[in-house]
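Single-letter residue listing:
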Amino acid sequence: QVQLVETGGGLVQAGGSLRLSCAASGRTFSSYAMGWFRQAPGKEREFVAAVDWSGGSTYYADSVKGRFTISRNNAKNTVYLQMNSLKPEDTAVYYCAADRRLHTIVERTAWGHLDAWGQGTLVTVSS
């Protein structure tokens, strides 16, 4: 019921910052929990961050906690991922996802049942 488009990826040097945006279509954006995932070359998809419908509760992978911040603006139907102090190991395709239940986003075994995925945006962090 929701379609997602990620933007903001690109090439950045280690220690730099990027902000990713995920724009959602439709009028039901505020009904969904949102998350960011990433998949690095040769690796499995990895959970990065999640935010509940109100923006009041956030969750982060240990690998990005303290460096990345997820937020949302329901009036703009957009979720953001602010990435600071980027490291080469952050290089990956970053995907936005939406689900009616926050649990589905943070539970690895439930990812196959997510309601919607974006097409991804590539983030490359050089040494």
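These figures come from a predicted structure and were not determined experimentally.

Caption draft 1: Structural detail: the side chain of T78. Looking at the secondary structure, you find T78 in strand 8 (residues 78-83). A polar contact of 2.9 Å, which involves the side chain of T78, links it to the backbone oxygen of K76. In this view, T78 contacts S21, C22, A23, F29, R72 and N73; residues no more than four positions away in its chain are not counted.

Caption draft 2: Main features of the sheet that holds strand 3 (residues 18-24). The strand order 1-3-8-7 describes an open sheet built from four strands, whose pairing is antiparallel. Each edge of the open sheet is held by one strand with a lone partner, namely strand 1 (4-7) and strand 7 (68-73). Adjacent strand axes in the sheet meet at a mean angle of 15° when their direction is disregarded. Bridge analysis of strand 7 against strand 8 gives six bridges, and the strand direction is antiparallel. Its bridge partner being in strand 8, N73 is matched across the sheet by T78.

Caption draft 3: Fine view of the environment of A92. Within the secondary structure, A92 sits in strand 9 (residues 92-99). Owing to a relative accessible area of 2%, A92 belongs among the buried residues under this scheme. C-alpha separation for the pair A92 and V48, spaced 44 residues apart in sequence, amounts to 11 Å. Ignoring anything within four residues of it in the chain, the contact list for A92 reads R38, Q39, A40, T121, L122 and V123.

Caption draft 4: Structural view of the pairing of strand 1. The two faces of strand 1 differ: L4 and E6 on one face are buried, but V5 and T7 on the other face are not. As paired strands, strand 1 and strand 3 are joined by four bridges and run antiparallel to one another. Within strand 3, the residue paired with V5 across the bridge is A23.

Caption draft 5: Structural context of the nonpolar core. Ranked by internal contacts, the top residues of the largest apolar core, which has 38 residues, are L4, M34, W36, V79, L81, M83 and Y94. Elements with a minimum of two residues in this core: strand 3, strand 4 (33-39), strand 5 (46-51), strand 7, strand 8, strand 9 and strand 11 (121-126).

Caption draft 6: Broad picture of the pattern of salt bridges. Taken as a whole, this structure holds four salt bridges when the rule is applied. Ionic pairing is found between R38 and D90, a salt bridge with its closest N-O pair at 2.9 Å. Taken as a pair, R38 in strand 4 and D90 in the loop between strand 8 and strand 9 lie far apart in primary sequence, 52 residues in all. In this structure D90 comes out as buried when scored by relative accessible area, which is 0%. Across the pair D115 and R100 runs a salt bridge whose closest N-O atoms are separated by 3.8 Å.

About the thresholds
Residues numbered from 1 in each chain as written. Predicted model: local features only at pLDDT ≥ 70, side-chain atom pairs only at ≥ 80, totals over all residues. Heavy atoms only, no water. Helix = DSSP H or I, 4+ residues; strand = E, 2+ residues; numbered from the N terminus. Polar contact = N/O pair within 3.5 Å; in protein donor to acceptor, adjacent residues only side chain to side chain. Contact = heavy atoms within 4.5 Å. Pairing = 2+ DSSP bridges. Axes fitted to C-alpha atoms, helices over the stretch in contact; angles between N-to-C directions. Buried < 20%, exposed > 50% of the residue type's maximum accessible area, 1.4 Å probe, protein only. Core = buried A, V, L, I, M, F, W, Y, C linked by side-chain atoms within 4.5 Å. Salt bridge = Lys/Arg side-chain N within 4 Å of Asp/Glu carboxyl O.

Fair warning: the whole summary comes from geometry, so function is off the table for now.
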